[in-house]
Amino acid sequence: MSLILAENISKDYQVVATKVSKDYGGGEVVVRALRGVSFEIEPASFVSFVGPSGSGKTTLLNLIGCLDKPTEGNLTVVGTDVLKLDRHESAQFRGDNLGFIFQDFNLIPVLTVYENIEYPLIIVKNIAAGERRKRVMAVLEAVGMADQNVARARVSDPKLVLADEPTANLDSKTAYTIINLMKKMRDELKSTFIFSTHDQRIVGEAEILYSLADGELVGKQVKGGRENG
Amino acid sequence: MANLFKIAVRNLFRYKRRTLLTVALIAIGVIFVLGYVSISGSFKNMMIGQITDSMIGHLQVHRKGYVASIENLPLNLNLKPQAVKKLEGILNQQSEVEAYSPRIKFGGMFSTFVETTNVRLNGVYPEKEFKTIPLLPSRITEGQKSLNRGEILIPELLARGMKAKIGDMVVIVATNQDGSVNGKQFKVGGILESATGPGGRDGYVHIEDAMEVLRMGEMEVSEIAIRLKDFGKVEAFTRKLDSLLSGEVTKQGKPAFEVHSWEQLSPFYNIARMIDMMTVFIQILLIAVVLISIMNVMIMAVYERIREIGTIAAIGTLPAKILSMFVMEGFCLGVIGAVIGNIIGMAIIFILNVSGWVTFDFGRQKDLVLSPTLDPTNMLVISAIVIFVSVVASLQPALKASKMEPIKALRHV
């Protein structure tokens, strides 16, 4: 009975973290990057994790993005217990459900802009050429050529988009452009957006703000009357 | 698949100089192997042709025990007329046989009335012998390219040593089967160029003259040399004939015949095997060159693209597809190298053929012009080896790339 309940609860949220910890290193030198963090994130939220360097933002985003696994605790992403996924399943899960906006763009140099945006549809989702073209053109129309990084994350209609310090290397104007694109994408696709930042210019743009310090969740702010938890 | 291929090709062109060097290395390896295989193969085939087409024939049938005593040319181990008839009957029914020639081999004294020496002779039917060993007429350097009754073809060294010329009268004296001695006068009809190998310095007389010298009432032959329509079937036909003749036994119940292919009769077979072995070693060398160069390039490619691998892995590319991308690069390098190597190799072989530069001596045969040929099967096998080794060489780096943790790869600087 309790198991069924837990599953139902997980399905109501895009992310459910329960006492998640992450340690690095081993033996005598262990770095505790995250210490028993618990939170839930609703679908179509625009969430930011803030905190100084070393607070555990990137570690948390990596765990949510199935790029790494918690040392302790439970983590459910888009209704899936990600701790149970192996390498192959993790990759499949990321391709099917997640979008990534990288700080350094991380485009594939041998592909054109169009091909970079198209890449997840070909290699990951194996979508037919006609449909691919339609989707890439639609994304380019919505996003423009300005941010191929966002376009690539959006093209496969992910349920959850993760962005680690997306505006770290950008000037204010471009940073706001990116944030507005992300918001527009959230509104259109009803995707959940989670980004980490310590950029004060964009902290205020998040609708839900989680504060991290020394690997612990130390606060939560909800804007626009959207309160949860 | 097409997209993975496209990415692989583009990645190759990303590092043009490195790709060019690797492809050049593979192509040079392929050119060397093709050149070696072609030249050594042509040399081997030419030598086998010289041996089989100018002396031995493709295979021979003797009376059981003859070959073991062949140096003595024992007349008492000749095939009896009935056995010859039976054998000819069998050979006439075999579709694989192009021609055969019965021979009486005997030793005798050769006298020019001034000097005397010993000589080994073959008594043959000229038409049958010329069909069975078609290069024999070309070995007649002086005189008519034929052999008539009362004429003798003598090896050039004998002619030179005995100062015998075309048209000279000579006497052959030979010991008969019963131990008596008989002689017969012959006219020198032709001088034979020496050939390397067994029988390369033998003389020829008409088989009926040989019977006369040896005082044979009925024809008893030392051997029957056989030429097949297809040289490639020598081994199979030797086995077939052996089994056909295995039922023929002597009065004592022992096998009457023995069948030997040219390989068993000529020492050159061992040289031919050595050439084949050296070809294998050269191919191993090529494999090593391709293996090391591709592995080196692919390892570098993986290390240079760690962040890129992290990115594609993060956005959901399955490990198997990452592996395929790198294997495909190795495959493309192998294919490009093999194709270029084959094209240049063919061009070089063509030039060698047109120019006739490659000449060699084989025993006393001087300045034989080698015509290297490229066997399409060889080209395919060498290309397949190169491509297969390229794929194998890229597997280890590709596996490394596919097993990379995306999080570590993304952090890589």
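Treat the numbers as computed from the prediction; the structure is a model and nothing was measured.

*Asks:* What is the right way to look at the overall build of chain B in this model?
*Replies:* The helix and strand tally for chain B stands at 14 helices and 12 strands. For chain B, whose C-alpha radius of gyration is 31 Å, the value lies well above the compact-globule estimate of 22 Å for 413 residues. With the C-alpha coordinates aligned to their principal axes, the bounding extent of chain B is approximately 100 × 50 × 30 Å. Put simply, chain B has 413 residues, and 42% of those count as buried. In chain B, 81% of the contacts between residues at least 6 apart in sequence involve partners at least 24 apart.

*Asks:* Would you explain the overall build of chain A in this entry?
*Replies:* A count of helices and strands for chain A gives 8 helices and 10 strands. With the principal axes as the frame, chain A shows a C-alpha extent of 50 × 40 × 40 Å.

*Asks:* So what exactly am I meant to see when it comes to the interface of chain B and chain A here?
*Replies:* Think of interface size as the accessible area that goes away when the parts come together; that is how it is often given. Every contact between the two is made by 19 residues of chain B and, on the other side, 19 residues of chain A. Among the elements of the structure, helix H1 (2-14), helix H11 (306-314), helix H12 (319-355) and helix H14 (406-411) of chain B are those that each provide at least two residues to the side of chain B that touches chain A. For the side of chain B that touches chain A, the element with the most residues is H11 of chain B, which contributes 6 residues. Within the side of chain B that touches chain A, the residues separate by chemical class into 9 nonpolar, 5 polar and 5 charged.

*Asks:* Is there a simple way to think about the pairing of strand S6 (residues 98-101) of chain A in this case?
*Replies:* A regular strand places its side chains so that they alternate between the two faces of the sheet. Residue and element names in this part refer to chain A. Taking every second residue as pointing to the same face, both faces of S6 are buried, with Leu98 and Phe100 on one and Gly99 and Ile101 on the other. When S6 meets strand S7 (residues 160-164), the two strands line up parallel, connected through 4 bridges. Among the inter-strand pairings, isoleucine 101 is bridged to a residue of S7, identified as alanine 163.

*Asks:* I tried to follow the sheet that holds S7 of chain A on my own but got confused; where do I start?
*Replies:* Either a parallel or an antiparallel arrangement is found when strands of a sheet pair, and the pairing is made through backbone hydrogen bonds. Residues and elements named next belong to chain A. The sheet built from 6 strands is open, its strands ordered S6-S7-S8-S3-S9-S10 with mixed pairing. Each edge of the open sheet carries a strand with a single partner, namely S6 and strand S10 (216-222). Pairs of neighbouring strands in the sheet enclose a mean axial angle of 20 degrees, with direction left out of account. Judged from the 4 bridges that link them, strand S3 (residues 46-50) and strand S9 (residues 208-213) form a sheet pairing that is parallel. Following the sheet pairing, valine 50 is matched in S9 by serine 211.

*Asks:* Just to check I follow, could you spell out the domain arrangement of chain B for this structure?
*Replies:* Here the domain parsing of chain B yields domain 1 (2-51 + 270-411) and domain 2 (65-255). For domain 1 of chain B versus domain 2 of chain B, the separation of C-alpha centres amounts to 51 Å.

*Asks:* Where do I start with helix H8 (residues 234-245) of chain B in this structure?
*Replies:* Turn by turn, an α-helix covers 3.6 residues, leaving residues three or four places apart pointing in a common direction. All names here are of chain B. The end-to-end C-alpha distance of H8 is 16 Å, a good match for the 16 Å that 12 residues give at a rise of 1.5 Å each. Within the span of H8, buried status applies to Val234, Phe237, Thr238, Leu241 and Leu245. Looking straight down H8, one finds its buried side chains confined to an arc of 105 degrees; they lie on one side. Residues of H8 that are exposed and point over 90 degrees away from its buried face: Glu235, Ala236, Arg239 and Ser243.

*Asks:* So what exactly am I meant to see when it comes to the sheet that holds strand S1 (residues 15-26) of chain A here?
*Replies:* Residue and element names in this part refer to chain A. The 4 strands are arranged S2-S1-S4-S5 in an open sheet whose pairing can be described as antiparallel. Whereas interior strands pair on both sides, the edge strands pair on one side only; in this sheet they are strand S2 (29-41) and strand S5 (80-81). Across 5 bridges, the pairing between S1 and strand S4 (residues 72-77) is antiparallel. Looking at S4, one finds that alanine 17 is bridged to leucine 75.

*Asks:* Help me out: how do you make sense of helix H4 (residues 113-124) of chain A in this one?
*Replies:* Helix length check: H4 of chain A, at 12 residues, gives a terminal C-alpha distance of 17 Å against a target of 16 Å (1.5 Å per residue), a fit within 8%. Taken together, the buried positions of H4 of chain A are occupied by Asn116, Ile117, Glu118, Tyr119, Pro120, Leu121, Ile123 and Val124 of chain A. Those residues of H4 of chain A that are buried lie in contact with helix H3 (87-97), helix H5 (129-143) and helix H6 (148-155) of chain A together with H1 and H12 of chain B. In the segment just after H4 of chain A, asparagine 126 of chain A is the residue with positive phi, at about 55 degrees.

*Asks:* Would you explain the pairing of S10 of chain A in this entry?
*Replies:* Residues and elements named next belong to chain A. Pairing of S9 with S10, which is carried by 6 bridges, proceeds in the antiparallel orientation. Note on S10: the bridge partner recorded for serine 211 is glycine 219. Hairpin connection, S9 to S10: the antiparallel pair is bridged by 2 residues, and aspartate 214 has positive phi, about 50 degrees.

*Asks:* Help me understand the packing of helix H2 (residues 16-56) of chain B against H12 of chain B in this model?
*Replies:* Axes are the key here: two packed helices are described by the angle between their axes and the distance separating the axes. Residue and element names in this part refer to chain B. Close contact between H2 and H12 brings their axes to 7 Å; oriented N to C, the two are set at 45 degrees. Classed by the angle they form, the pair H2 and H12 counts as oblique. Note on packing geometry: the crossing formed by H2 with H12 is right-handed. Between H2, through Thr22, Val23, Ile26, Ala27, Gly29, Val30, Ile31, Leu34, Gly35 and Ser38, and H12, the contact on the second element is made entirely by Leu333, Gly334, Ile336, Gly337, Ala338, Ile340, Gly341, Asn342, Ile344, Gly345, Ile348 and Ile349. Looking at the contact of H2 with H12 residue by residue, the class counts come to 13 nonpolar, 9 polar and no charged.

*Asks:* For this particular structure, what's the right way to read the environment of arginine 133 of chain A?
*Replies:* Residue and element names in this part refer to chain A. As for its placement among the helices and strands, arginine 133 is situated in helix H5. On the basis of neighbour count, arginine 133 is assigned to the partly exposed category, with 14 C-beta atoms found within 10 Å. Spatially, the C-alpha atoms of arginine 133 and alanine 153 are 16 Å apart, while their sequence positions differ by 20 residues.

*Asks:* So what exactly am I meant to see when it comes to the packing of H4 of chain A against H5 of chain A here?
*Replies:* All names here are of chain A. Running from N to C, H4 and H5 cross one another at 130 degrees; their axes reach a closest spacing of 10 Å. Relative to H5, H4 is oriented oblique. Crossing of H4 over H5 shows right-handed handedness. Contact with H4, carried on its side by Tyr114, Ile117, Glu118, Leu121 and Ile122, involves Arg132, Arg135, Val136, Val139 and Leu140 of H5 and no other residues of that element. Across the contact of H4 with H5, the residue classes break down as 7 nonpolar, no polar and 3 charged.

*Asks:* Just checking my understanding: could you explain the nonpolar core for this structure?
*Replies:* Of all hydrophobic cores here, the largest spans 105 residues; its most connected members are Leu162 and Ile194 of chain A together with Ile26 and Val30 of chain B. Ignoring anything within four residues of it in the chain, the contact list for isoleucine 194 of chain A reads Ile41, Val47, Leu61, Ile64, Leu160 and Leu162 of chain A. In this structure, Ile51, Leu59, Ala225 and Trp262 of chain B belong to the second largest nonpolar core, which totals 59 residues.

*Asks:* Explain the confidence of the model for chain A here, please?
*Replies:* Should the pLDDT be low somewhere, the predicted coordinates at that spot are not to be read in detail. Residues and elements named next belong to chain A. Averaged over chain A, the pLDDT score is 84; the fraction of residues at 70 or greater is 91%. Note that pLDDT drops below 50 for residues 1-11; the model gives that stretch 5 contacts with residues more than four away or on any other chain. Scored below 50 in pLDDT, residues 225-229 makes 7 contacts in the model with residues more than four places away or belonging to other chains.

*Asks:* Even after reading the chapter, I still don't get the environment of alanine 129 of chain A, so can you show me in this structure?
*Replies:* All names here are of chain A. Along the chain, alanine 129 turns up in helix H5. Take alanine 129: there are 10 C-beta atoms within 10 Å of it, and that puts it in the exposed class. In this structure, the C-alpha to C-alpha distance between alanine 129 and glutamate 40, residues 89 residues apart in sequence, is 38 Å.

Parameters at a glance
- Residues numbered from 1 in each chain as written.
- Chains lettered and ligands numbered in written order.
- Predicted model: local features only at pLDDT ≥ 70, side-chain atom pairs only at ≥ 80, totals over all residues.
- Helix = DSSP H or I, 4+ residues; strand = E, 2+ residues; numbered from the N terminus.
- Rg over C-alpha atoms; globule rule 2.2 N^0.38 Å.
- Buried ≥ 20, exposed ≤ 12 C-beta atoms within 10 Å, placed from the backbone.
- Contact = placed C-beta atoms within 7 Å.
- Nonpolar A, V, L, I, M, F, W, Y, C, P; charged D, E, K, R; others polar.
- Pairing = 2+ DSSP bridges.
- Axes fitted to C-alpha atoms, helices over the stretch in contact; angles between N-to-C directions.
- Domains from an automatic or database assignment.
- Expected span 1.5 Å × (residues − 1).
- Arc of directions from axis to C-beta.
- Parallel < 35°, antiparallel > 145°, perpendicular 65-115°, else oblique.
- Left-handed = near helix turned anticlockwise from the far one by under 90°.
- Core = buried A, V, L, I, M, F, W, Y, C linked by C-beta atoms within 7 Å.
- pLDDT = per-residue confidence, 0-100.

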